[in-house]
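Descriptive structure summary
The chain contents come next:
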Amino acid sequence: MNIFVYGTLLDDTVRGRVLGKDPTIIHCFREFVNGKYFDVDEEDIKKLDRYESEYYKKIEVKLKSGTKSLVYTEQIYM
């Protein structure tokens, strides 16, 4: 399972504190959102869910490279 990150989770220190490890990173610099994606397991997803809280929702996207990945997007409350 892949996770695409941007913002604070691009920081190796923040990501290391959240996950408790340093995953292998693949850089993805495109004309859209700059970010990274890497392989995670279910335990990592639980940690990321806690970090992102109820203010973000997790969706599956297809990256420009064609890779499917999860990404957290901001919840918009009306």
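Preceding block: the structure.
What counts and what doesn't
Residues numbered from 1 in each chain as written. Predicted model: local features only at pLDDT ≥ 70, side-chain atom pairs only at ≥ 80, totals over all residues. Heavy atoms only, no water. Core = buried A, V, L, I, M, F, W, Y, C linked by side-chain atoms within 4.5 Å. Buried < 20%, exposed > 50% of the residue type's maximum accessible area, 1.4 Å probe, protein only. Helix = DSSP H or I, 4+ residues; strand = E, 2+ residues; numbered from the N terminus. Contact = heavy atoms within 4.5 Å. Patch = residues over 30% accessible without salt bridge, like charges linked within 9 Å, V, L, I, M, F, W, Y side chains within 5 Å. Areas by Shrake-Rupley, 256 points an atom, 1.4 Å probe, with all protein chains shown as cover. Salt bridge = Lys/Arg side-chain N within 4 Å of Asp/Glu carboxyl O.

1. Focus on the nonpolar core
Grouped together as the largest cluster of nonpolar side chains are twelve residues: Ile3, Val5, Leu9, Val14, Val18, Leu19, Phe38, Val40, Ile45, Leu48, Leu70 and Tyr72. Put simply, the parts of the chain that give this core at least two residues each are β1 (2-5), α1 (12-19), α2 (42-52) and β5 (68-74). At three residues, α1 tops the list of elements feeding residues into this core. What Val14 contacts, discounting residues up to four positions off in sequence, is Thr8, Leu9 and Tyr51.

2. Description of a nonpolar patch on the surface
Residues Tyr6, Val33, Tyr55 and Tyr56 make up a contiguous nonpolar surface patch of about 390 Å² in total accessible area. As for its placement among the helices and strands, Val33 is situated in the loop between β2 (26-28) and β3 (35-39). Classification of Val33 by relative accessible area gives partly exposed; the value is 49%.

3. Some thoughts on the environment of Phe4
Looking at the secondary structure, you find Phe4 in strand β1. The sequence separation of Phe4 and Leu70 amounts to 66 residues, and the corresponding C-alpha distance is 6.0 Å. Not counting residues up to four positions away in its chain, the partners in contact with Phe4 are Val33, Asn34, Gly35, Lys36, Tyr37, Leu63, Ser69, Leu70 and Val71.

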